[in-house]
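Coordinate inspection notes
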Amino acid sequence: MPVQSESPLHGPLHLHPPPSVHGPALRTDRPRVLDLSPLRGGRLQLLSLNPDVLRTIGDFCAPLDALRLAMTCRTAYDFSMPRVLSDVSIGDPGEDNGPTRLEKFCRFMLANPRRRIRHMRALRLLEGAFARVEHLQGRDRLKADFSSADVLAKLLHLADNLRVIHIRDAEPLFQFNPAVYEALAQLPALKEVSLYYIGNSTLKAISQLRSRPAIVENGLWKDGPRPQGDITPFGPFVESMKHLKLWECGCMLESIIDRHVWPNLHTLEIGGRIAKISELAHAFPNLRRLTFHLEFSVKQETGPATCWPELEYLETSAPIPSFPSPARRLNLHYPIGTTSGSHNASDLKTLQLMERTNPVVLSCTVSDAVPDPMLERMKSSMPSLRYLELVQSSRLAVPWHAFQAWTERHIDILRTSSIIGLCIAYDSVDSLHDEPAELEVRRRRHTLLARTLATRIRSLEYIGVGVQDATGVMYALDCSWYRVSSRPADEKSAPVLEALSLLEGERIRQTLQDTPREA
């Protein structure tokens, strides 16, 4: 009987392959003649396929699905486990005991390193990978546990094919056992390095990296006062770096933007204290995508700012009225109109940002209390706008009839615009489920509002109507999509709408988000 243990991933994991349910395992060391007998009767037996085909199927499976498949028999184990081991995440506090699972996973890999470690491409050690849930005075809390650090270092020392590494508790881990960052530093093929909690040990590890990663992510400084001077370790990656994420430590850029120009960096995501935008433009002349994370502050310019001709994408969690460059797509991660009155300071700054960026695509969240003059000025400030994603928000979730009334009351503002696509959604209080009758109610509601929008905004070609997804991720929308297939000559008559499938709707949304700026 096979030996089993608790899986370092999800569910039980066989330390030895389970017995085959189809006799001996398929051989992979010689070509196999195609046997058409499994096709008799019109049914195909999956495990009778050519081993190369089976491995390809395994590559398309999600790691968890591949793990379930591997548990069925020896043959499935052989072709599924490489996919299972290729992308591993450990440490979700809601799903597993991180330290125990991490140690078991490392020992499982080290028990047969030649066959197992070579498949590992991505390793993500999440919030609970080095923390145990401790019950104290009736409450649960996470207590640090780095007991698996030694065996992790041994695994990393052999993981020459690893491409992606994420360690949330990097700094305390590296301080507890420097062998971990020493093993990490010598890996030859890393393309993405994400070390969230950082400090001096983390910076030392990054500076010693043998790899030349294209993506580097750092989060929050966790090592006392930050040293002054040039402490950023990114200099060796000037040519390789394409994507830099400094979520709460944008100040780290201050010591390098005067010393390096990063010709290949196209995406920058930063938060915290940030240098002047003109200095960012000098250091990253070919930047295409820029995100300002929560709680950021930008130094004021002292004169005219020379920046990028245009950004492909700008996302910000607060208005930047002096932003100096156009942006094809603008994504606002804060609500508009939350304070009453047409002279709200934040809204006025947002108008300035819209005027300066003049986006083709805009995603914004608007309070149900936003005044009409603000909506009018938003429209006039963005003459190039062609696709609008608008989420109506409220302090309390709203019922459908209130959202419908709000939309019909304000939609004439867009009557004279040139937008070709509109996706409108709301924070729903309605608890419709996936029962057929409730789905039909939702379909009728969405179709009725989409027809109203298409009738009153003649330029529209595509319309999405729906709700903000329950995940809470901003602009994760669950929408019904429609195409305006024809319009009658009489402007007062309703156009003909074609309801799109879920897949086609998502494709149309992506296409609209990619709408280019007209020359």
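Attention here is on the structure that accompanies the text. Small disclaimer: the values here were computed from a predicted structure and weren't measured. (Residues numbered from 1 in each chain as written. Predicted model: local features only at pLDDT ≥ 70, side-chain atom pairs only at ≥ 80, totals over all residues. Heavy atoms only, no water.)

Digging into the overall build of the protein chain
Operational definition: Here a helix means four or more residues in a row that DSSP labels H or I, a strand means two or more in a row labelled E, and each is numbered from the N terminus. Throughout, exposure labels follow a simple rule: accessible area from a 1.4 Å probe, protein chains only, divided by the maximum for the residue type, with under 20% read as buried, over 50% as exposed, and the rest as partly exposed. Only the protein chains shown count as cover for residues, and all accessible areas are computed by the Shrake-Rupley method using a 1.4 Å probe.
Counting its regular elements, the protein chain contains 15 helices and 22 strands. Looking at the protein chain as a whole, 48% of its 519 residues qualify as buried. For the protein chain, the accessible surface area stands at approximately 25100 Å², while carbon and sulfur atoms represent 52% of it.

Quick look at unusual backbone geometry
Residue Asn358 is not a glycine yet carries a positive backbone phi of 45 degrees. By the secondary structure assignment, Asn358 is in the loop between helix H11 (345-357) and strand S17 (361-367).

Side note on the pattern of salt bridges
Put simply, the test is: A side-chain nitrogen of Lys or Arg and a carboxyl oxygen of Asp or Glu constitute a salt bridge if their distance falls within 4 Å.
Evaluated as defined, the whole model comprises 18 salt bridges. Note that Asp412 and Arg415 form a salt bridge whose closest N and O atoms lie 3.0 Å from each other. Given a relative accessible area of 36%, Asp412 falls into the partly exposed group. Residue Arg415 is classed as partly exposed on the basis of its relative accessible area, which comes to 43%. Connected through salt bridges with shared partners, the residues Arg483, Glu498, Glu504 and Arg507 form a single ionic network.

A few points about the environment of Tyr482
Put simply, the rule reads: Whether two residues are in contact is decided by their heavy atoms: any pair within 4.5 Å suffices. We call two N or O atoms a polar contact when they sit within 3.5 Å, provided that within protein one can donate a hydrogen and the other can accept it, with sequence-adjacent residues counted only if both atoms are side-chain atoms.
As for its position among the elements, Tyr482 is in strand S21 (residues 477-486). In the structure, Tyr482 is positioned 18 residues away from Leu500 in sequence and 5.5 Å away in space, judged by C-alpha atoms. Setting aside chain neighbours within four positions, we find Tyr482 in contact with Arg443, His446, Thr447, Ala450, Glu461, Tyr462, Ile463, Leu497, Glu498, Ala499 and Leu500. Looking at Tyr482, its side chain comes within polar contact range of the side chain of Thr447, at 2.9 Å.

Topic: empty space enclosed by the protein
Filter applied, for reference: The pocket and cavity definitions rest on a 1 Å grid over protein atoms only: a 1.4 Å probe that fits but cannot leave marks a cavity, an open set with protein on both sides within 12 Å along at least five of seven lines marks a pocket, and residues lining either have an atom within 4 Å of a point. Grid points are joined across faces, edges and corners, and a volume is the space filled by probe spheres set on the points. Throughout, the ten residues Ala, Val, Leu, Ile, Met, Phe, Trp, Tyr, Cys and Pro are labelled nonpolar, Asp, Glu, Lys and Arg are labelled charged, and all others, Gly among them, are labelled polar.
The full count for this structure, using the stated rule, is one cavity of 30 Å³ or more. Put simply, the largest cavity is a space of about 210 Å³. As for the largest cavity, its lining consists of 16 residues, and the residues nearest its centre are Leu375, Leu388, Leu390, Ile413 and Leu414. Broken down by secondary-structure element, the contributors of at least two residues to the lining of the largest cavity are helix H12 (372-381), strand S18 (387-393), helix H13 (400-410) and strand S19 (421-426). The residue inventory of the lining of the largest cavity, partitioned by class, reads 13 nonpolar, two polar and one charged.

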